[in-house]
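What follows is the residue order along each chain.
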2 protein chains.
Amino acid sequence: MAEDSNVYYTEGLPVPETPAPGDKPAFWKQTDVVGKRIPRVDAYERVSGTAVYPSDIKLPNMVYGAILRCPHPHAKVKKVDASRAKTMPGVRAVITGVSPKVKGLNWKYRNYTGPLFDSHCRFEGEVVAAVAADTRYQAWDAAHAIEVAYEVLPYVADYKEALSESAPKVHDGGNLAGMDEYERGDISRGFAEADAVLEETYETPCQIHTPMELHGCVANWDGDRLTIWESSQGVYAVQSNVAEVLGIPLSKVRVIGHYMGGGFGSKLKPGKYTVLASLLAKQAARPVKMILTREETYLCVGNRPANTMRLKAGVKSDGTLTAFEFECIGPSGAYPGGGTALVDWLVRDLYKCDNVRCRSKDVYINAGTARPFRAPGHPQGSWALEQMMDALAEKIGMNPVKLRLKNIPAISQGRSEPYTTTGLKACIERGAQQFGWKNALKRAKEQNQSASHIKRGVGMGACVWYVGGGGPPSTVIIKLFRDGSVNLNMGASDIGTGTKTVMALVTAEELGVKPEVIQIEHADTGTTQYATPSGGSKTVPTESPTVRNAAIDVKRQILEMAAEDLDVRTAELDYEGTEIVWRKDKSKRIRVTDVGRLKKRGVVVGVGYRGPNPRTKTVNPFGAQFCEVEVNTKTGEMRVLRFLGAHDSGRVLDRLTYDNQVFGGIVMGIGFGMTEFRQLDGKQTGKLCNRNWHDYKLPTALDVPVDMESLPIEIDDPEANNTGTKGLGEPVTIPTASAIANALYMATGIRFTNAPVSPMGMCRRLAARKEG
Amino acid sequence: MAEDSNVYYTEGLPVPETPAPGDKPAFWKQTDVVGKRIPRVDAYERVSGTAVYPSDIKLPNMVYGAILRCPHPHAKVKKVDASRAKTMPGVRAVITGVSPKVKGLNWKYRNYTGPLFDSHCRFEGEVVAAVAADTRYQAWDAAHAIEVAYEVLPYVADYKEALSESAPKVHDGGNLAGMDEYERGDISRGFAEADAVLEETYETPCQIHTPMELHGCVANWDGDRLTIWESSQGVYAVQSNVAEVLGIPLSKVRVIGHYMGGGFGSKLKPGKYTVLASLLAKQAARPVKMILTREETYLCVGNRPANTMRLKAGVKSDGTLTAFEFECIGPSGAYPGGGTALVDWLVRDLYKCDNVRCRSKDVYINAGTARPFRAPGHPQGSWALEQMMDALAEKIGMNPVKLRLKNIPAISQGRSEPYTTTGLKACIERGAQQFGWKNALKRAKEQNQSASHIKRGVGMGACVWYVGGGGPPSTVIIKLFRDGSVNLNMGASDIGTGTKTVMALVTAEELGVKPEVIQIEHADTGTTQYATPSGGSKTVPTESPTVRNAAIDVKRQILEMAAEDLDVRTAELDYEGTEIVWRKDKSKRIRVTDVGRLKKRGVVVGVGYRGPNPRTKTVNPFGAQFCEVEVNTKTGEMRVLRFLGAHDSGRVLDRLTYDNQVFGGIVMGIGFGMTEFRQLDGKQTGKLCNRNWHDYKLPTALDVPVDMESLPIEIDDPEANNTGTKGLGEPVTIPTASAIANALYMATGIRFTNAPVSPMGMCRRLAARKEG
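Residues numbered from 1 in each chain as written. Chains lettered and ligands numbered in written order. Predicted model: local features only at pLDDT ≥ 70, side-chain atom pairs only at ≥ 80, totals over all residues. Heavy atoms only, no water.

Asks: Go over the sheet that holds strand β26 (residues 622-632) of chain B with me, naming the residues and quoting the values.
Replies: Residue and element names in this part refer to chain B. Overall, mixed pairing links the four strands, which are arranged β18-β26-β27-β28 in an open sheet. Either end of the sheet is taken by a strand with one partner, and the two such strands are β18 (454-464) and β28 (707-712). Strand after strand, the sheet turns through a mean of 10° between neighbouring axes, direction not considered. Along the sheet, helix α16 (residues 655-675) contacts β26, β27 (638-648) and β28; its crossing angle with β28, the most-contacted strand, is approximately 125°. (Pairing = 2+ DSSP bridges. Helix = DSSP H or I, 4+ residues; strand = E, 2+ residues; numbered from the N terminus. Axes fitted to C-alpha atoms, helices over the stretch in contact; angles between N-to-C directions. Contact = heavy atoms within 4.5 Å.)

What follows is the structure in structure tokens.
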């Protein structure tokens, strides 16, 4: 099935905003490249090292920036003396909060605006001063030679304590950053109707984005124009933020972000470092390269907030869910960042339940501010909901797969409107089948009844992703040269997900050309078209219809031109591959590259815009993941043996990049469930304890299964958009950790409500059980 | 008048291809910036040195290229031995005609195709081998360490001898490169009707383009994609040529040409050096910078061919021209290059004459190939025609200004179709008036009747330029950001003429924004839109209507969006500056930057295409120049005291850049008439004698008058295009030299039929007259 994806879509697809030429159906029926396994178009550049990432940029006369950051979780800057730093070797520029042209500049965190240099430092890592010097080391040394007098203040590091009377206040208004309430139906009645009611408290850790490429940029002024090479998910967002902070026209800020080494949400916008680099470059009158240290990225460029969730659920003995009551608290960090954002969405939307109440409290603590992180809130909510579903299934003696299938909702309950399509049922059903759920279950039971200290379990989790349908605005331009080769111009960043590759495939498919003759220009506010940041799993469903519309616009013009050559009416012409044929007599035809006006003009320029989204329906991707684990009950060691991700993200454009996304999401989910957590020293200093790749454990190749499988569930989605695509990047990481937790429960009989589950944690629980 | 140019155009102007929004007239009635004296938008970059020209490009690991050229005007390469060169320090790549992947590559000169490395070297400077090495000097040394065995052949250097039986043959087919004949009416009858008939032979020198920035490029491969930074007049032309020679898709050749230091026609296309740099870069696997030496640019990147012209003219005593017979010969050089191209155009088209016959012979010689050079053929033809007009006026005792005014044609005789507009009469009439022709004439006569050895003369010449109306194709994209700032994307090169500035003014005028908020991206085949090369004085009339259409497309969209905000119909809305107002109640209005959908989308993208040219009319610019000279009859020294250029090039967009063009054209014309000539050693070696700025004399600041005046003749040209512009760059250099020759005649009574007129030449003629 999966390999046949190129013939999956047949009819009923929507007319794109830009009408298709001729009488052709508006959608690809049979594809040449779309849906195949095509290597990345930039594979050579990436593996050969010729791909230039922002951290590779080197400009003539470039100097290096370094930032002095507050070492305390909570302090007031009383005095800054940079006089010694300014005299140090190689120093070109020094800025502090009182520097001319700096004082008065502000920085925004969502709805909160404060000074760029805030003398009230609310987290370890707040900027205090910045330096540019001829070398990185000179800059670092000079920054740390700046003398700062701090008034150290009491801090709050534990978000569960943040609302207590005695907790130090992060902001004058108190530590409550926000609240959210949601209710439908009547949970009292729901619980009354239930045959079984369970209640549990779950905790998830604070996870750090920590992408491969460090955060940073190179900033260069040319007169009144600022050019920034930034490791970014969205160049227009960087442009917009920087222009606003500096108070200069948008057109005077050019942001380039061709290659970038991962962001996961932490590079959706620029950082203060971007503005500091720009200010230093102005003062130094030289380009400034400002790449953060790994330690800095742990401190202050975002995180997935920790959450504590209480979930109470009612179920009838036939599996009907009667009520969910969900309470959640989470830390936004020092500024508004969404401490509990979307944590409750799965409870609201994933399974059919008439009576639901959710309450969230978002609190300030003295630590780095939270930021969107791959499926914000969802892996946390999944950790609670999917473990609860397993527990309910056990309670009423039902197969957990069956319980989920019993509760597939007909519409989006969270939005009270239909989905364009939902593949939830298919993901669970066909995923379980492909995974071999029954056999695996049997195998695990047999193993666990044996005398072996190696225990085994299978587990699953399902998901919906809050958005993922993309939408306007987006503009793309395609230039078709007279030799049939193509230049594609789009503003979107390729954040490592293969955006360039899939857009090349869409172009190739529509224009009938080989992907090799397509050259892509992207992610440059100066020279490429408008795009919103690559995030929210919306890049493919936003940009691919836009690209297709641009290609269709090229074809429209070619048909008009060919009509002159063939001396027939444009409406009577069809595209066949790279030829234009007359419908009335197919022997009358012309190759695109022979079209007279194209040869004369040299190039045709097609413009595509993203059409509107459906007005009364929601476009969401779905998924279900299945895993099998082994636990060594003597050592506490756990092995994830295999994983299967069955995902409905609409049409598959490139099967290779699709599978990569699924595997990458699972790997990150393993990190979330088993290895990663931010450790603040809440007792003594309030400072971050694990601030590097040694102390903060990312899963490595040894922690993830060799046996990972991706099963695309492609469902004809005529209403989503004209490529039938939905987002994939985020759903693939949502149910991973909860599937593992469920499998671990089956292997050990222990419910791990607190993530991550480390071997040491496993040992403690196994020991406790023995003792108990 | 000139300063009022911004209120000059009022009505009758054409509807642009993209309709103007609302009920507004299609043309600017009153302007805010167009027609004013506005400094260059890139003035800061240019004067501060931050502007990066191709010769400034420096890439990591870049190496340098050098070319070994044939030292003989005619020879055959019998053997090339690069073995020693390959072992020399720093050498990274060596290519010769037998290198793999080089053999079989071809190079095109117009309709002639030969090998890239042609073992038959037909001119001094033909490429024989090329080297890339770590430094320029290593490359140069290694190139000259390549041992070449030549069979030296007899050469022809004198084009007037090229067709003789005994002349060595440049090509097997003989030395006749081409012929052209033109005839209208009956010249025999014409001469019979004449009251006076004059005949004269005129000669003009071979002039070298020798722009400030040397020819060259930087070439870099990234996988299968080639990026070239080239000092070029047209990046798409470079892309096209290089892709064709190398046999790779157009999309895989990206050519960038942001700044460039002059071309004058010699950079309309790439040189062999561009391809050699690309081949060396491939072999070296490093970027290669290949900048020619000044000497090389004298040898082999083009020239304005020398011409010998015989002109016979008949005139009635009332000033009616009855016949022109024109014969011309000129050297194409070693390959087809247009040795006599357009030399006869002024005779055909400028003055009314019913009987005209022109014959041209274009011949091969063993020297560098001719190329278009600022108004190809025209200054040569003007040198003959305008001196003849003066002589005819003298013969029939008529004021030379009056004789010209007597013969203003009603239509283009060369094309047999009307001009959209002709300002020829106004240029002559109002130019003479502004110049003070009568007083100057009187002053000169008085001076010349005095005993002083300083003699004085005034002279004039008029012109039409063969093309200058521009035309499709061209595409431009304008992005309007939500803060009202603007990004303009066009493919055209700014060859130093201020293209970026005038396009910014057109955008500013149409959108009602300040030029300072406009940022321009241009001249990049990868990221900017399609444009033909900047040449033929067509950049402004081609690109400015396209830019205007793009701005109009932006406004169209903004009106649609504003209609939503104001809740009225789009058709009832008008643009007023940067506000949208409801025509029915002007208090209902909204600022562009407040338009809701713009704020949400962040940007609006407008696309403009160049509309078609008039089908049955020709668009040509006209001009007349007037000068006053002094001759020291003791020393032969000449001083050009003042110049006035009255030019009809349609609407003035920026008065500063307009005047600069006029002055620059006059300066170049002074060089053509008084200082510049290529000297081949025809007797002994056939080699070029003057190959640097010392031996080849360009006019300097001391050779040009301080008193130069520009008088724009702006005539409402509703049919030309929607900005009413015509070309200026070339007409301004056409009549300069002939005006000087006419003034010198008045001062000395000597007719200088051979250009240039040097002080030494003047001395000889004065001496000869005394002796005679």
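Asks: So, the confidence of the model for chain A: which residues are in play, and what are the values?
Replies: With 96% of its residues at a pLDDT of 70 or more, chain A shows a mean pLDDT of 94. The model gives residues 1-25 of chain A a pLDDT under 50, and that stretch makes 72 contacts with residues more than four places away or in other chains. (pLDDT = per-residue confidence, 0-100.)

Asks: Give a detailed account of the relation of the copies chain B and chain A, specifying residues and quantitative values.
Replies: When chain B is fitted to chain A, the residual RMSD is 0.0 Å, and the transformation amounts to a turn of 180° plus an axial shift of 0.0 Å. This pairing of chains is accounted for by a two-fold axis. Taking C-alpha positions as the reference, the residue of chain B nearest the rotation axis is B:Thr527, at 2.8 Å. Taken together, the interface assignments show that 100% of the residues at the interface of chain B recur at the interface of chain A, consistent with an identical surface on both copies. (Least-squares fit on C-alpha atoms with pLDDT ≥ 70 in both.)

Asks: Mind laying out the domain arrangement of chain A, listing which residues take part and the relevant values?
Replies: All names here are of chain A. Partitioning chain A into domains gives domain 1 (54-153 + 210-300), domain 2 (304-468 + 617-771) and domain 3 (470-609). Opposite the 18 residues of domain 1 that make contact, domain 3 presents 18 residues. Of the roughly 1,400 Å² buried at the junction of domain 1 and domain 3 (both faces included), carbon and sulfur atoms supply 51%. Of all residues in domain 1, the largest losses of buried area upon contact with domain 3 belong to Gln-233, Tyr-236 and His-258, amounting jointly to 48% of the total for that side. Our count for the domain 1 to domain 3 interface comes out at one salt bridge. Asp-524 is paired through a salt bridge with Arg-254; the nearest N and O atoms lie 2.6 Å apart. Between the two partners, domain 1 and domain 3, sit ten residue pairs in polar contact (both at pLDDT 80 or more). When contributions to the side of domain 1 that touches domain 3 are tallied by element, the ones reaching two or more residues are α5 (235-246) and β13 (253-256). Within the side of domain 1 that touches domain 3, the residues separate by chemical class into nine nonpolar, seven polar and two charged. (Domains from an automatic or database assignment. Buried area = accessible area lost by both parts, 1.4 Å probe. Salt bridge = Lys/Arg side-chain N within 4 Å of Asp/Glu carboxyl O. Polar contact = N/O pair within 3.5 Å; in protein donor to acceptor, adjacent residues only side chain to side chain. Nonpolar A, V, L, I, M, F, W, Y, C, P; charged D, E, K, R; others polar.)

Asks: Give a detailed account of the side chain of A:Lys272, specifying residues and quantitative values.
Replies: Take A:Lys272: it is sitting in helix α6 (residues 272-284). For A:Lys272, the residues in contact, after removing those within four places along its chain, are A:Trp107, A:Tyr109, A:Pro115, A:Leu116, A:Glu126 and A:Val127.

Asks: Can you explain the interface of chain B and chain A? Please cite residues and give values.
Replies: With 46 residues of chain B at the interface, the matching set in chain A holds 46 residues. The partner of A:Glu521 in a salt bridge is B:Arg225, with the nearest N and O atoms 2.7 Å apart. Counting across the chain B and chain A interface gives 32 residue pairs in polar contact (both at pLDDT 80 or more). Considering only residue class, the side of chain B that touches chain A consists of 16 nonpolar, 17 polar and 13 charged.

Asks: Account for the packing of aromatic side chains, naming residues and giving values.
Replies: According to the stated counting rule, one finds 26 aromatic pairs over all chains in the structure shown. An aromatic cluster is defined as three or more aromatic residues linked by ring pairs; in this entry it consists of A:Tyr109, A:Tyr112, A:Phe123 and A:Tyr335. The lysine or arginine in question, B:Arg304, covers the ring of B:Phe373, its NZ or CZ lying 4.5 Å from the ring centre. (Phe/Tyr/Trp six-rings, centres within 6.5 Å; stacked < 30°, edge-to-face > 60°. Lys NZ or Arg CZ within 6 Å of the ring centre and 35° of its normal.)

Asks: Requested: an account of the environment of A:Ala701, with residues and values cited.
Replies: Among the structural elements, A:Ala701 can be located in the loop between α16 (655-675) and β28 (707-712). Remark: the alpha-carbon pair of A:Ala701 and A:Val667, spanning 34 residues in sequence, is separated by 9.1 Å.

Asks: Which residues make up the environment of A:Pro735, and what values go with them?
Replies: Residue and element names in this part refer to chain A. Looking at where Pro-735 falls in the secondary structure, it is placed in the loop between β28 and α17 (736-748). Assessed through its relative accessible area of 0%, Pro-735 is described here as buried. With 707 residues separating them along the chain, Pro-735 and Trp-28 place their C-alpha atoms 32 Å apart. Beyond its immediate chain neighbours, meaning those up to four positions away, Pro-735 contacts Ser-382, Gly-461, Ala-462, Cys-463 and Gln-625. (Buried < 20%, exposed > 50% of the residue type's maximum accessible area, 1.4 Å probe, protein only.)

Asks: Break down unusual backbone geometry for me, citing the residues and quoting the values.
Replies: Residues and elements named next belong to chain B. Between Pro-472 and Pro-473 the backbone carries a cis peptide bond, its omega angle lying at 0°. If you trace the backbone, Pro-473 turns up in the loop between β18 and β19 (475-481). The amide bond that connects Ala-755 to the next residue, Pro-756, takes the cis arrangement and shows omega of -5°. On the secondary structure map, Pro-756 appears in the loop between α17 (736-748) and α18 (759-771). Even without being a glycine, Ser-416 presents a positive backbone phi close to 55°. Among the structural elements, Ser-416 can be located in the loop between α10 (400-406) and α11 (424-435). Notably, Asp-567 is not glycine yet its phi reads approximately 60°, a positive angle. Topologically, Asp-567 is positioned in the loop between α14 (539-566) and β22 (573-576). Judged by relative accessible area, Asp-567 falls into the exposed class, the value being 66%.

Asks: Just give me the short version of the state of the cysteines, but keep the residues and values in it.
Replies: Residues and elements named next belong to chain B. Under the defined criterion, the tally for this structure stands at zero disulfides over all chains. This cysteine, Cys-121, is not joined by any disulfide, and Cys-70 carries the nearest cysteine sulfur, 4.0 Å off. Just so you know, Cys-300 is unpaired, no disulfide at all, and the nearest cysteine sulfur is the one on Cys-70, 11 Å from it. Take Cys-300: its relative accessible area is 22%, and that puts it in the partly exposed class. (Disulfide = S-S within 2.5 Å.)

Asks: Go over helix α11 (residues 424-435) of chain A with me, naming the residues and quoting the values.
Replies: Residues and elements named next belong to chain A. The end-to-end C-alpha distance of α11, which contains twelve residues, comes to 16 Å, matching closely the 16 Å that a straight helix rising 1.5 Å per residue would cover. The set of residues buried in α11 consists of Leu-424, Ala-426, Cys-427, Ile-428, Gly-431, Ala-432 and Phe-435. Structurally, α11 contributes buried residues whose contacts are with α10 (400-406), α12 (437-449), β18 (454-464), β26 (622-632), β27 (638-648) and β28. Phi for Gly-436, located one or two positions after α11, is positive at around 75°. (Expected span 1.5 Å × (residues − 1).)

Asks: Residue-level account of the packing of helix α13 (residues 499-511) of chain A against helix α14 (residues 539-566) of chain A, with values.
Replies: Residue and element names in this part refer to chain A. Contact geometry for α13 and α14: axes closest at 9 Å, N-to-C directions at 30°. Here α14 runs roughly parallel to α13, going by the angle between their axes. In this structure, the crossing between α13 and α14 has a hand that is right-handed. On the side of α13, the interface is formed by Thr-499, Val-502, Met-503, Val-506, Thr-507, Glu-510 and Leu-511, while α14 contributes Thr-539, Val-540, Glu-543, Ser-544, Val-547, Arg-548, Ala-551, Ile-552, Val-554 and Lys-555. (Parallel < 35°, antiparallel > 145°, perpendicular 65-115°, else oblique. Left-handed = near helix turned anticlockwise from the far one by under 90°.)

Asks: Help me get a handle on the pattern of salt bridges, residues and values and all.
Replies: Residues and elements named next belong to chain A. The final tally for this structure, using the stated rule, is 100 salt bridges over all chains. Between Asp-344 and Arg-348 there is a salt bridge whose closest N-O contact spans 3.0 Å. Here Asp-344 and Arg-348 have matching classes, each one buried. The network of salt bridges with shared partners includes Arg-443, Arg-456, Glu-628, Glu-630, Arg-639 and Arg-642.

Asks: So what's going on with the environment of A:Ile411? Residues and values would help.
Replies: All names here are of chain A. Position of Ile-411 relative to the elements: it lies in the loop between α10 and α11. Assessed through its relative accessible area of 37%, Ile-411 is described here as partly exposed. Taking the C-alpha atoms as reference points, Ile-411 and Asp-594, 183 residues apart in sequence, are found 51 Å from one another. Excluding anything up to four places from it in sequence, Ile-411 contacts Ser-416, Glu-417, Pro-418 and Tyr-419.

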